[in-house]
Amino acid sequence: AVPVDYGNVSWRIAAGRIARTPTAWIMAIAASVGLFASTGLAAWVATFFRRFHSMNAAQAGAVTVIFGIVSLTGLLLGARVGDRLMRDGRGRDRVKLAALCYATGWAFAMPGFALDNTPASIALLSIAGFLISVPIAPLWAMWLDILVPQLRGRADAFFSIIRVIAISTAPL
């Protein structure tokens, strides 16, 4: 077979190649689930604490800031851990990291939503937000690893659409 110069192919051919990369889809969907969940929690956390924990707007806003800081910390730590796994030749462990963090995050989120104890609810949902944010960067980096370099820019544009959909639908 003649090698393809992906740097000079049309969008249609590039999109076809990207769409035929199943692992890219799996990584993009997994990362989008994390974005959906973390964005949804961030968008809804103030309303949740006002409605179910009788907080005023300022208090609920403060919880949202806490949640944002904790989630950002998870995102940054996840990026660092993902890079370290790659450096150590354990790039595939990023999938295990994502599975562990998503499962554990939701295990903290469920009681966080169910408890009437406000400090415990804040703590559990903050831990959940942290854990759900950790795998986002390693998963996006992972799908870049599996695409040919000449398609990465177009692939990012393609999957950015998925990210925008995940983020914009999260408050629903």
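Our subject in this report is the structure included herewith.

Reading the values: the criteria
- Residues numbered from 1 in each chain as written.
- Predicted model: local features only at pLDDT ≥ 70, side-chain atom pairs only at ≥ 80, totals over all residues.
- Heavy atoms only, no water.
- Helix = DSSP H or I, 4+ residues; strand = E, 2+ residues; numbered from the N terminus.
- Expected span 1.5 Å × (residues − 1).
- Buried < 20%, exposed > 50% of the residue type's maximum accessible area, 1.4 Å probe, protein only.
- Contact = heavy atoms within 4.5 Å.
- Salt bridge = Lys/Arg side-chain N within 4 Å of Asp/Glu carboxyl O.
- Arc of directions from axis to C-beta.
- Core = buried A, V, L, I, M, F, W, Y, C linked by side-chain atoms within 4.5 Å.

1. Re helix α5 (residues 118-133)
Item 1. Look at α5: 22 Å from first C-alpha to last across 16 residues, which is about the 22 Å you get at 1.5 Å a residue.
Item 2. Buried within α5 we find S121, I122, L124, L125, S126, A128, G129, L131, I132 and S133.
Item 3. Where the residues of α5 are buried, they touch α2 (22-53), α3 (57-87), α4 (93-114) and α6 (136-145).

2. Here we look at the pattern of salt bridges
A side chain with one charge can pair with a side chain of the opposite charge if their charged atoms come near.
Item 1. In the structure shown here, the tally under the stated rule is four salt bridges.
Item 2. Note that D88 is salt-bridged to R87, the shortest N-O span being 3.3 Å.
Item 3. Judged by relative accessible area, which is 60%, R87 ranks as exposed.
Item 4. By sharing partners, the salt bridges in this structure join R90, D93 and K96 into a single network.

3. Topic: α4
Item 1. The end-to-end C-alpha distance of α4 is 32 Å, a good match for the 32 Å that 22 residues give at a rise of 1.5 Å each.
Item 2. Of the residues making up α4, those classed as buried are D93, R94, L97, A98, C101, Y102, G105, A109 and G112. End-on, the buried residues of α4 take up no more than an arc of 165°, which puts them together on one face. Turned more than 90 degrees away from the buried face of α4 sit K96, L100, A103, A107 and A114, all of them exposed.

4. As for the nonpolar core
Item 1. In this structure, L139, W140, W143, A155 and F159 are the most contacted members of the largest nonpolar core, which totals 25 residues.
Item 2. At the level of elements, α1 (11-19), α2, α4, α6 and α7 (152-169) are the ones that each hand at least two residues to this core.
Item 3. Considering every element that reaches this core, the biggest residue donor is α2, with seven residues.
Item 4. With near-sequence residues (within four places) excluded, F159 lies in contact with I18, A24, W25, A28, W140 and W143.
Item 5. Membership of the second largest hydrophobic core comes to ten residues, among which are M55, A60, L125 and A128.

Scope: geometric values only; no functional claims are made or implied.
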